[in-house]
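Chain by chain, the residues:
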Amino acid sequence: LNELALDYTFIPPLVPFRENQQAYIASCIKPLFQNRTGKNILITGSHGIGKTLAVRHILKELENQTEEILSLYINCWKKNSGYKVLVELCALLEIKFIQNLTTEQIAKKVSSALNKKPVVLCLDEIDKLENNDILYTLSEDIFKKALLIITNEPNFLSKLDTRIKSRLAMDILEFKPYSQSEMEEILKQRIEYAFPPKVFPLEHLNEIAAISFQAKDVRSGIYL
């Protein structure tokens, strides 16, 4: 029915077992609807437990709900320096003619564009950045915002410069691992999105869920 449903980047209509976390993230974004600044959140937890999926689902809903708030997502594994993050923001914001500009000049263009509307900016895999100076720039120069910072690194906050921590004033949202029964339900849902009825042999689902639970990564189950 839909082979994309078996891709890691697929965003399902509902994200099961992450409703409480999504409600909390939504509450941190809510002030932006009143044209006030939102809360910044550090989202932590091990890999393959739905952190990115939950956030991207909210960003997608936000895009569908309003054009008055920008929603932007950057993976810092792929864009692993402040300069690359800024260039990616230029691409997302359709800012052109930046080839001969310095990093500082690009940062000014980006902040000018981002200050035209409230913005929700997600920086995923933040621990892959070469340094965290970009966080200071974003916290200092962007006025009405909610920064959603995702990391697998439990001690990430303790490694931040105290000035950046002070500027960000982040709440911490921890994602707990899925139980085996939750993983099984998630995989069953993906099967329903991906295949016509009675195509995938459900008698194997429990075994796949057990392997996925042992790996502590629901993505391994999706792959299987």
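Bear in mind that the values here come from a model prediction, so they are computed numbers and not experimental data.

### As for the sheet that holds strand β2 (residues 70-75)
- Here we have five strands laid out as an open sheet, ordered β2-β3-β4-β1-β5, and parallel in their pairing. One side of each edge strand has no neighbouring strand; the edge strands of this open sheet are β2 and β5 (171-174). Taking the axes of each pair of neighbouring strands and ignoring which way they run, one obtains an average angle of 15° across the sheet.
- Of the pairings in the sheet, the one linking strand β1 (residues 41-44) to strand β4 (residues 145-151) comprises four bridges and is parallel in character. Looking at the pairing, threonine 44 lines up with threonine 151 of β4.

### Focus: the environment of phenylalanine 33
- With respect to the helices and strands, phenylalanine 33 occurs in the loop between α1 (19-29) and β1.
- When its relative accessible area of 40% is taken as the criterion, phenylalanine 33 is described as partly exposed.
- Residues phenylalanine 33 and glutamate 68, 35 residues apart in the sequence, show an inter-C-alpha distance of 8.1 Å.
- Excluding anything up to four places from it in sequence, phenylalanine 33 contacts Leu62, Gln65, Thr66 and Ile69.

### Points about a nonpolar patch on the surface
- A cluster of nonpolar side chains, namely Tyr8, Ile211, Tyr223 and Leu224, defines an oily patch on the protein surface of about 470 Å² accessible area.
- Mapped onto the elements of the fold, tyrosine 8 is located in the segment before α1.
- Look at tyrosine 8 and you get partly exposed, because its relative accessible area is 49%.

### A word on the pattern of salt bridges
- Enumeration according to the criterion identifies eight salt bridges in this entry.
- Its salt-bridge partner being lysine 159, residue glutamate 153 comes within 3.9 Å of it at the nearest N-O pair.
- Its relative accessible area of 25% is what places glutamate 153 among the partly exposed residues.
- Relative accessible area serves as the criterion here: at 58%, lysine 159 is assigned to the exposed category.
- With a closest N to O distance of 3.5 Å, lysine 176 and glutamate 174 form a salt bridge.
- Take lysine 176: its relative accessible area is 49%, and that puts it in the partly exposed class.
- On the accessibility criterion, glutamate 174 (46% relative accessible area) is partly exposed.

### A closer look at the environment of tryptophan 77
- Relative to the elements of secondary structure, tryptophan 77 occurs in the loop between β2 and α3 (82-93).
- We classify tryptophan 77 as exposed; its relative accessible area is 55%.
- For tryptophan 77 and isoleucine 172, which are 95 residues apart along the polypeptide, the C-alpha to C-alpha distance reads 21 Å.
- Sequence-distant contacts of tryptophan 77, that is, excluding residues within four places in its chain, are made with Asp124, Glu125 and Lys128.

### Overview of α3
- The terminal C-alpha atoms of α3 lie 16 Å apart, and with twelve residues this matches the ideal 16 Å at 1.5 Å per residue to within 8%.
- Among the residues of α3, those classed as buried are Gly82, Val85, Leu86, Leu89, Cys90 and Leu93. An end-on view of α3 places all buried positions within 145° of arc, on one side of the element.
- On the buried face of α3, the contacting elements are β2, α4 (103-114), β3 (119-124) and α5 (133-141).

### Things to note about empty space enclosed by the protein
- Applying the stated rule across the entire model yields one cavity of 30 Å³ or more.
- A volume near 30 Å³ is recorded for the largest cavity.
- Residue lining of the largest cavity: Leu86, Ala107, Val110, Ser111, Ile134, Thr137, Leu138 and Ile142, and that is the complete set.
- Counting only elements with at least two residues in the lining of the largest cavity, the list comes to α4 and α5.
- Counted by class, the lining of the largest cavity contains six nonpolar, two polar and no charged residues.

What counts, and at which threshold
- Residues numbered from 1 in each chain as written.
- Predicted model: local features only at pLDDT ≥ 70, side-chain atom pairs only at ≥ 80, totals over all residues.
- Heavy atoms only, no water.
- Pairing = 2+ DSSP bridges.
- Helix = DSSP H or I, 4+ residues; strand = E, 2+ residues; numbered from the N terminus.
- Axes fitted to C-alpha atoms, helices over the stretch in contact; angles between N-to-C directions.
- Buried < 20%, exposed > 50% of the residue type's maximum accessible area, 1.4 Å probe, protein only.
- Contact = heavy atoms within 4.5 Å.
- Patch = residues over 30% accessible without salt bridge, like charges linked within 9 Å, V, L, I, M, F, W, Y side chains within 5 Å.
- Areas by Shrake-Rupley, 256 points an atom, 1.4 Å probe, with all protein chains shown as cover.
- Salt bridge = Lys/Arg side-chain N within 4 Å of Asp/Glu carboxyl O.
- Expected span 1.5 Å × (residues − 1).
- Arc of directions from axis to C-beta.
- 1 Å grid on protein atoms, 1.4 Å probe; cavity = no way out; pocket = protein on both sides within 12 Å on 5 of 7 lines; lining within 4 Å.
- Points joined across faces, edges and corners; volume = space filled by probe spheres on them.
- Nonpolar A, V, L, I, M, F, W, Y, C, P; charged D, E, K, R; others polar.

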